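The residues making up each chain are set out below.
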Amino acid sequence: MTMPGQPAKQGPRSLDPHLRRYAARTAGMTASEIRALFAVASRPEVVSLAGGMPHLAALPLESLSAEIGQLVATEGLVALQYGSAHGVPLLREQICDVMAMEGINGHPDDVVVTVGSQMGLDMVTRIFCDPGDVVIAEGPSYVGALGSFTAYQAHVVHVQMDADGLVPSLLREALEACRRAGQRVKFLYTIPNFHNPAGVTLAVARRAEILEICRSYGVLVVEDNPYGLLGFDGQTYPALRSMDPDNVVYLGSFSKTFAAGLRVGWVLAPHAVREKLVLAAESATLCPPTLNQMIVSRYLATQDWKGQIKTYREAYRERRDAAISALEQHMPQGSTWNIPDGGFYVWVTVPEGIDSKAMLPRAVTARVAYASGTGFYADGFGSRQLRISYCYPTPERIREGVRRLANVIEEEMQLHATFGATPGRRLSGPQTPSPDTA
C-alpha cells in the first residue's frame, strides 16, 4: 500500500515503451532465422548458402548501363515522376508476353505491377483474409508468404508434398477437415514450379485435379511463380492460371529472371479482383517506382531477355550440379536431399537428432550459413530440415560450403551421441521475410 506523499511504485520497465500500443496482429511476427547472424554470415570468409540471390554477374551490365542512361536522358521527365498504381501500360503488355511462355492468355488491364511479388502477396492477403480465416499452403512454404499470412492473422494449414509436389488427396482431406471444423478457407497458396524451399515441381498430371478440388470447395488459388522459366532442361510447365483463369490469382516477378534490386513484380487477377488490388496498391505505395518499371520495360524491348534466361539456366544448372555432387561426397549417413530440375534450392534432411536451427550459430562459426527448416513452417516443424541456396556462390564456393556444413553436422552427431538430443524448440509463428531467407 502506498502511503500519502510517497511516490507510487513502478512496475518492471519494458525494454520497449511502445509495447502496449502495438496492434494485436504484431504478436505473431518473429525475426528471420539468421537475420541476427547476417552481419557475420555476409563476411567474405563465410560461404552463404542461405539467401536466394540471383547471379547478377551474368547480366550484360555495360549494355544495360547505356540503356538506362539513354532512358533518363530521353524520358526522364516521365520516368522520375509519379505514375499509376496500376503500372506502366507498356510494361503490362510486355508482362503478358512473358506469361504467354507458360500458356497464360492475360490481358494488360488485369495486370497490376507491384514492388516485387512480396507486395502482391501482401495485397492479396489483405483483400481476402479476415482474422481467423484459413490459408492452405504446402508444407514447407515460402517464408515471405507465411509472414504475410500471419501479419493479417490468418491461420495456415500445411499440406504435405512428395517428389511430385502437392498431394491432391491430402489437399482434399485438409479442406474437408476445415469444412467440418467450420473454418473459412480463403485460398490455396502454392509455388508449383521449382518450389521454395523444397525444390520440387508439381506434376502436370496433378494440376487439373488440384484446380478441380479447389473449385469444388469454393477456394481460390494463389499461384506464386517466380522460377517458372528457370527449368534446367528449358522446359516450361503450364501455369495453373492458364488452366483456370477465373479462379487463379497469379504472382510473377522479375527478381529471379532479371534484377532483384529493381523490385518489380506483378499480379494477374480475375477482372473483378483487379480493381481492389489497384486500390490496395494505392494505399500501400501510392504507385510503384516508375523509373524501375521503365528500366524493366526497356530491358525487355532492347535486350535478348530470352537468351539471358537461357544463360541464367546454364549458370544455375552448373551450381545445382556442384551442390549435389558435394552433398553426395561429404554428407554423413542419414542425410537425404532432393535433386531439383530448376530454380534455386535444395531441401536437405539431416540425420535423426540434429536440430538445424540450434546448429546454425555453430555453422556460421565454421564459416558456412544456410536457412534452417523451421522458418518455412507456420507451426514450427522442420527442425531436421534446412535449405541450401546454390544460386549465388561460385561452384567452387558451393563445394567448400557443403564440405564445411557436412563437418558441422558430423560434429553435431558426435555431440548427440555423447550427450543425447537437445530438446527441440518450436517457433510460435513464421518469420518475417528478409534477403537472407528470400
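Scoring rules and cut-offs
- Position numbers for residues count from 1 along each chain, tracking the sequence in the order it is written.
- This being a predicted model, a pLDDT of at least 70 is required before a residue's local features are given, and a value of 80 or more before pairs of side-chain atoms are given or counted; all residues contribute to the totals for chains, interfaces and linings.
- Heavy atoms throughout the structure, all of them, feed into the side-chain values; hydrogens and water do not.
- UniProt positions are given in the numbering used here, feature names are shortened, and annotations may be inferred rather than shown by experiment.
- Runs of E in the DSSP output that reach at least two residues are strands. Runs of H or I that reach at least four are helices, and both are numbered from the N terminus.
- Each residue's exposure class comes from its accessible area (1.4 Å probe, protein chains only) as a fraction of the maximum for that residue type: buried when under 20%, exposed when over 50%, partly exposed otherwise.
- The contact definition used throughout considers only heavy atoms, calling two residues in contact when any of these lie within 4.5 Å.
- Two kinds of site are reported from a 1 Å grid over the protein atoms alone, namely cavities, where a 1.4 Å probe fits but cannot get out, and pockets, open sets with protein on both sides within 12 Å along at least five of seven lines, and residues are called lining when an atom falls within 4 Å of a point.
- Grid points are joined across faces, edges and corners, and a volume is the space filled by probe spheres set on the points.
- Lys, Arg, Asp and Glu make up the charged group, whereas Ala, Val, Leu, Ile, Met, Phe, Trp, Tyr, Cys and Pro make up the nonpolar group; the residues left over, Gly among them, are polar.
- A pair of strands is considered paired only if DSSP assigns at least 2 bridges between the two.
- Only Phe, Tyr and Trp rings are paired, with Trp represented by its six-membered ring, and only when their centres lie within 6.5 Å; those with planes under 30 degrees apart are stacked, over 60 edge-to-face, the remainder tilted.
- For every element, the axis is a line fit to its C-alpha atoms; helices are fit only across the contacting stretch, and the angle between N-to-C directions ranges from 0 to 180 degrees.
- Note on terminology: angles under 35 degrees are roughly parallel, angles over 145 are roughly antiparallel, angles of 65 to 115 are roughly perpendicular, and the others are oblique.
- Definitions for this section: a left-handed crossing has its near helix turned counterclockwise from the far helix by less than a right angle. A right-handed crossing has that turn clockwise.
- Distance and chemistry together define a polar contact, namely a pair of N or O atoms within 3.5 Å, with one atom able to donate a hydrogen and the other to accept it when in protein, and with adjacent residues in sequence counting only for side-chain atoms on both sides.
- For a helix, the expected span equals 1.5 Å multiplied by the number of residues minus one.

Looking at an unreviewed UniProt entry, one finds the protein chain named PLP-dependent aminotransferase family protein, with Lentzea indica as its source organism. On record in UniProt, under Cofactor (unreviewed entry), the comment for the protein chain is "pyridoxal 5'-phosphate".

## Considerations on the overall build of the protein chain
Within the protein chain, the secondary structure is distributed over 14 helices and 14 strands. Going through the 438 residues of the protein chain one by one, you find that 55% of them count as buried. For the protein chain, long-range pairs separated by at least 24 residues make up 78% of all intrachain contacts whose partners lie at least 6 apart in sequence.

## Observations concerning empty space enclosed by the protein
Tallied over the entire structure, the rule returns three cavities of 30 Å³ or more. Put simply, the largest cavity is a space of about 100 Å³. For the largest cavity, the lining is made up of 14 residues, of which Val98, Asn225, Leu229, Ser253 and Trp266 are closest to its centre. For the lining of the largest cavity, the secondary-structure elements that each account for two or more residues are helix H3 (89-100) and strand S8 (248-253). Ranked by residue count, the leading element in the lining of the largest cavity is S8, at three residues. By residue class, the composition of the lining of the largest cavity is eight nonpolar, five polar and one charged. Volume-wise, the second largest cavity comes out at about 60 Å³. Considering the residues around the second largest cavity, the lining is formed by Val98, Leu229, Phe254, Thr257, Phe258, Tyr299, Leu300, Trp305 and Ile309. Of all the elements in the fold, those that place two or more residues in the lining of the second largest cavity are helix H9 (255-259), helix H11 (290-302) and helix H12 (305-330). Of the residues that constitute the lining of the second largest cavity, the class distribution is eight nonpolar, one polar and no charged.

## Some remarks on the sheet that holds strand S11 (residues 345-349)
On the basis of which strands lie adjacent, the open sheet formed by four strands has the order S10-S11-S14-S13 and antiparallel pairing. At either end of the open sheet lies a strand with only one pairing partner, and these are strand S10 (336-337) and strand S13 (371-372). Both S11 and strand S14 (residues 385-389) contribute to a ladder of five bridges, which runs antiparallel. Paired with Val346 across the two strands is Ile388, which belongs to S14.

## What to know about the packing of aromatic side chains
A complete count under the given rule lists twelve aromatic pairs for this structure. Judged by centre distance (6.5 Å) and plane angle (55°), the rings of Phe232 and Tyr390 are tilted. In this pair, Phe232 is assigned in the loop between strand S7 (220-224) and helix H8 (240-243) and Tyr390 in the loop between S14 and helix H14 (395-419), connecting sequence segments 158 residues apart. With respect to class, Phe232 is no different from Tyr390; both count as buried.

## Quick word on the pairing of S11
It is a general feature of regular strands that their side chains alternate between the two faces of the sheet. With five of five residues buried, S11 is to be regarded as a mostly interior element. A two-sided burial pattern is seen for S11, the buried positions comprising Tyr345, Trp347 and Thr349 on one face and Val346 and Val348 on the other. Alignment of S10 against S11, held across two bridges, turns out to be antiparallel. In the sheet register, Trp337 faces S11, and the bridge partner there is Val348.

## Re the packing of helix H13 (residues 356-365) against H14
Axis separation between H13 and H14 bottoms out at 10 Å; the angle between their running directions is 125°. It follows from the interaxial angle that H13 and H14 lie oblique. In the packing of H13 onto H14, the handedness of the crossing is right-handed. Residues Met359, Arg362 and Ala363 of H13 pack against Leu405, Val408, Ile409 and Glu412 of H14. Residue composition of the contact of H13 with H14, by class: five nonpolar, no polar and two charged.

## Points about the side chain of Gln293
Relative to the helices and strands, Gln293 resides in helix H11. Apart from residues lying up to four places away in sequence, Gln293 is in contact with Gly87, Val88, Leu91, Val113, Val264 and Pro288.

## Re the environment of Arg43
The topology assignment puts Arg43 in the loop between helix H1 (38-41) and strand S1 (47-48). Taking the C-alpha atoms as reference points, Arg43 and Arg367, separated by 324 residues in sequence, lie 8.9 Å from one another. Looking at Arg43, its side chain comes within polar contact range of the side chain of Glu45, at 2.6 Å.

## Digging into unusual backbone geometry
Residue Pro140 follows Gly139 across a cis peptide bond; omega there is 5°. Positionally, Pro140 belongs in the loop between strand S3 (134-139) and helix H5 (143-151). Here Arg263, not a glycine, exhibits a phi torsion of approximately 55°, which is positive. Structurally, Arg263 is set in the loop between H9 and strand S9 (265-268). The class of Arg263 is partly exposed, set by a relative accessible area of 32%. At Arg367, a residue that is not glycine, the phi angle is positive and equals roughly 70°. One can find Arg367 in the loop between H13 and strand S12 (368-369). Its relative accessible area of 39% is what places Arg367 among the partly exposed residues.

## Some remarks on H14
The terminal C-alpha atoms of H14, which comprises 25 residues, lie 36 Å apart, in line with the 36 Å expected from a rise of 1.5 Å per residue. Listed in full, the buried residues belonging to H14 are Pro395, Ile398, Gly401, Val402, Arg404, Leu405, Ala406, Val408, Ile409 and Glu412. Contacts from the buried residues of H14 go to S1, H12, H13, S12 and S14. Where H14 terminates, the next one or two residues include Gly420, which has phi positive at roughly 90°.

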